[in-house]
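Close look at the chain arrangement
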Amino acid sequence: MLKKNYQNIHSRFKRHAPPVIYNNVFKHRQIVKFLIAGVTSTSTDLLIYYVLAYVVGLWYIASAISSFVIAFWISFGLMKFWTFRDKNTEKMMKQTYLYFFVAIVNLGISTLLIYIFVDHIHIHKFISKVIANGTIAIESFFVYRHFIFAKIGNNEIKEIGQELNSL
C-alpha cells in the first residue's frame, strides 16, 4: 500500500514538474528527504520551545533543552527509517547511542550559540534558536550520512539499485 502511494506520487511529480526540477529532486532525493525530516523535527523543536519559553514562561535555556529532547526522538526515527532507509534493527542500539552522542554535542553547540547570540550579541532569543538550528543542520547531514547511517555492504548497494529500477 505504502509503496503504491509512493509510486503514485512519484509518477504525478514526474508528469507535472519541469524536467530540471524533477531531475534535481530525484538525483538529490536523500538531501530533500533530510531537509523534510529536518524541517519536521525542527518545527517540533521550535513549537515546543515557543510554548515552553513564551506560554509557560520557562527559562529559555531549559526550554531549549526540553524541546531538543522531544525533537531528538522524532528526528532519529525519520532519519533512520525514512531519509537513509536503514531498516537494519540489529545495529539500532549502536546507532541510537551514536545519534544521541552527536545530538548531545549538537545540543551543547546550539545552546552555546543561543547563549552567545542572546546575551552577548543581543539577538532575539527565537531568532537565535533558528540560526543555531540551521548551523547544526549542515554539520549533521554529513555525520549522519557518512558515519551513523552509512551503507557499506553489497546488500545495501543492491537494494539501492533495485529501488532505482523499480521507479
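Residues numbered from 1 in each chain as written. Predicted model: local features only at pLDDT ≥ 70, side-chain atom pairs only at ≥ 80, totals over all residues. Heavy atoms only, no water.

**What to know about the packing of aromatic side chains**
- If you walk through the whole model with that rule in mind, you get 17 aromatic pairs.
- Between the aromatic rings of F34 and F141, the centroid separation amounts to 4.8 Å while the plane-to-plane angle is 70°, which identifies the pairing as edge-to-face. Here F34 is found in helix α3 (residues 29-56), whereas its partner F141 is found in helix α6 (residues 125-148), with 107 residues between them in sequence.
- We classify F141 as buried; its relative accessible area is 7%.
- Site record: aromatic cluster; members linked through ring pairs are F34, F72, W73, F76, F84, Y99, F100, F141, F142, Y144 and F149.
- The ring of Y54 carries K125 above its face, with NZ or CZ at 4.9 Å from the centroid.
- Between the NZ or CZ atom of K129 and the centre of the ring of Y49, over which it lies, the distance is 5.7 Å. (Phe/Tyr/Trp six-rings, centres within 6.5 Å; stacked < 30°, edge-to-face > 60°. Helix = DSSP H or I, 4+ residues; strand = E, 2+ residues; numbered from the N terminus. Buried < 20%, exposed > 50% of the residue type's maximum accessible area, 1.4 Å probe, protein only. Lys NZ or Arg CZ within 6 Å of the ring centre and 35° of its normal.)

**Notes on the packing of helix α5 (residues 92-120) against α6**
- The interhelical angle for the contact between α5 and α6, taken along N-to-C directions, is 155°, at an axis separation of 9 Å. In terms of axis orientation, α5 runs roughly antiparallel to α6. By crossing handedness, the relation of α5 to α6 is classed as right-handed.
- Here the contact of α5 with α6 is composed, by residue class, of 14 nonpolar, seven polar and three charged. (Axes fitted to C-alpha atoms, helices over the stretch in contact; angles between N-to-C directions. Parallel < 35°, antiparallel > 145°, perpendicular 65-115°, else oblique. Left-handed = near helix turned anticlockwise from the far one by under 90°. Nonpolar A, V, L, I, M, F, W, Y, C, P; charged D, E, K, R; others polar.)

**Thoughts on the pattern of salt bridges**
- Under the criterion given, the structure shown has two salt bridges.
- Note that D45 is salt-bridged to K129, the shortest N-O span being 3.1 Å. Pair noted here: D45 is in helix α3 and K129 is in helix α6, with a separation of 84 residues, a long-range link.
- For K129, a relative accessible area of 1% puts it in the buried group.
- D86 is the partner of K80 in a salt bridge, and the nearest nitrogen-oxygen pair spans 3.3 Å.
- Residue classification places K80 among the buried residues on the basis of a relative accessible area of 0%.
- Residue class for D86 comes out buried when judged on its relative accessible area of 6%. (Salt bridge = Lys/Arg side-chain N within 4 Å of Asp/Glu carboxyl O.)

**Digging into unusual backbone geometry**
- At R85, a residue that is not glycine, the phi angle is positive and equals roughly 45°.
- Within the secondary structure, R85 is located in the loop between α4 (60-83) and α5.
- In this structure, H122 is a non-glycine residue whose phi angle is positive, near 65°.
- Looking at the secondary structure, you find H122 in the loop between α5 and α6.

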